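# Architecture and fold: a report
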Amino acid sequence: MLYRLFSNRIAASVVLSSLLLACANTTRSGAVGINRSQFMMISSAEVDRLSAVSYNEQNQKAKEKNILVTSGPTYDRLKTISNRLIQQTGVFRDDTRQWNWQLSLINAPILNATCAPGGKITFYTGLIDQLNLTDDEIAAIMGHEIAHALREHGRERLSQAMAQNLVTNIAAVSGYGSSANAANQVAQYILVLPNSRQNESEADAIGLELAARSRYNPQAAISVWKKMIKATNGKTSPEFLSTHPSGETRIEQLSALMPAVEPLYLSSPRVTSK
Ligand SMILES: [Zn+2]
């Protein structure tokens, strides 16, 4: 399928760079042992840049609607948890200290949370309130979302789409524009379309380790998924589950990882705050 890309000189340079970038591994394996080669066709910098455009747009819209929360107890709670998790991301890769990490809390009855490439975290109050999440459970979800960003799953999915010629606006995506159209197309691949089961398992494993190393009880990953499953029995399917297929298999996999992460949890230094 790649031959069609060669018809375009700009795209050809993208393909050339893909030869250099193919078989990347974005993270160290950690205690949970995630070690899969990834096919990458577009640079991290480019994906991060386009994601930032989309993230800023999301925040601007929320601000206009007066639903962007930037202070108060829930925001402070999330900030503390995110700081603790972010401190541990160096276990998996070296560059996260240079990332421009951001946290957005949006006051809306939506059961969703995301972390866009480059460390742009979004939480909705609906997720925290409706599932009555504990700090450990918030850390489980946030750790999972941060893990997607660390593994650059969005960049990987975008690369796969480009290889299949599914992304029509390749010139824009590959660095020749920053139009909202290109950014939205990227956001679609990164945040809206469901992740593969493989990516989900990787994010579960790395998220579990991040939480445990940050002294959040890793067992909360199991309780939170049980809450999620219960929530799907209601009338509406939560947004989070439309991108995060749930089920017993996931809980079984998480349970199997507990012996690897519980020692990290028990030996992690006590955190006073911040
Ligand atoms: Zn996920």
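Source: prediction; values computed, not measured. (Residues numbered from 1 in each chain as written. Predicted model: local features only at pLDDT ≥ 70, side-chain atom pairs only at ≥ 80, totals over all residues. Heavy atoms only, no water.)

## Details of the overall build of the protein
In terms of helices and strands, the protein carries 12 helices and 4 strands. Each of the 274 residues in the protein was classed as buried or not, and the buried ones make up 51%. For the protein, the proportion of contacts with a sequence separation of at least 24, taken over those separated by at least 6, is 72%. In the form shown here, the protein has an accessible surface area of approximately 12700 Å², with 52% of it arising from carbon and sulfur atoms. (Helix = DSSP H or I, 4+ residues; strand = E, 2+ residues; numbered from the N terminus. Buried < 20%, exposed > 50% of the residue type's maximum accessible area, 1.4 Å probe, protein only. Contact = heavy atoms within 4.5 Å. Areas by Shrake-Rupley, 256 points an atom, 1.4 Å probe, with all protein chains shown as cover.)

## Some points on the confidence of the model for the protein
Caution applies to low-pLDDT parts of the model: their predicted coordinates are not meant to be read in detail. Scored by pLDDT, the protein comes out at a mean of 83, with 77% of its residues at no less than 70. Throughout residues 1-20 the model reports pLDDT below 50, and contacts reaching past four residues in sequence, or to other chains, amount to 25 contacts. (pLDDT = per-residue confidence, 0-100.)

## Some details on unusual backbone geometry
The backbone phi angle of asparagine 66 is positive, close to 65°, even though this residue is not glycine. In this fold, asparagine 66 is placed in the loop between helix H2 (44-64) and strand E1 (68-69). The exposure class of asparagine 66 is exposed, given its relative accessible area of 71%. Residues other than glycine seldom take positive phi values, yet asparagine 132 does so here, at roughly 50°. Turning to its location among the elements, asparagine 132 is positioned in the loop between helix H4 (125-130) and helix H5 (135-150).

## Quick word on the side chain of threonine 122
By the element assignment, threonine 122 lies in strand E4 (residues 120-124). Within the structure, threonine 122 has its side chain in polar contact with the side chain of glutamine 58 (distance 3.0 Å). (Polar contact = N/O pair within 3.5 Å; in protein donor to acceptor, adjacent residues only side chain to side chain.)

## A short note on helix H9 (residues 197-213)
Over its 17 residues, H9 extends 24 Å from the first C-alpha to the last, a length consistent with the 24 Å expected when each residue adds 1.5 Å. For H9, the buried fraction is high: 13 of the 17 residues fall into the buried class. Of the residues flanking the end of H9, it is arginine 215, one or two places downstream, whose phi is positive at about 60°. (Expected span 1.5 Å × (residues − 1).)

## What about the packing of aromatic side chains?
Taken as a whole and judged by the stated rule, the model has 1 aromatic pair. With a centroid separation of 5.1 Å and 35° between ring planes, the pair formed by tryptophan 99 and tryptophan 101 is classed as tilted. For tryptophan 101, a relative accessible area of 16% translates into the label buried. Arginine 84 extends its terminal NZ or CZ atom over the ring of tyrosine 216, reaching a point 3.9 Å from the ring centre. (Phe/Tyr/Trp six-rings, centres within 6.5 Å; stacked < 30°, edge-to-face > 60°. Lys NZ or Arg CZ within 6 Å of the ring centre and 35° of its normal.)

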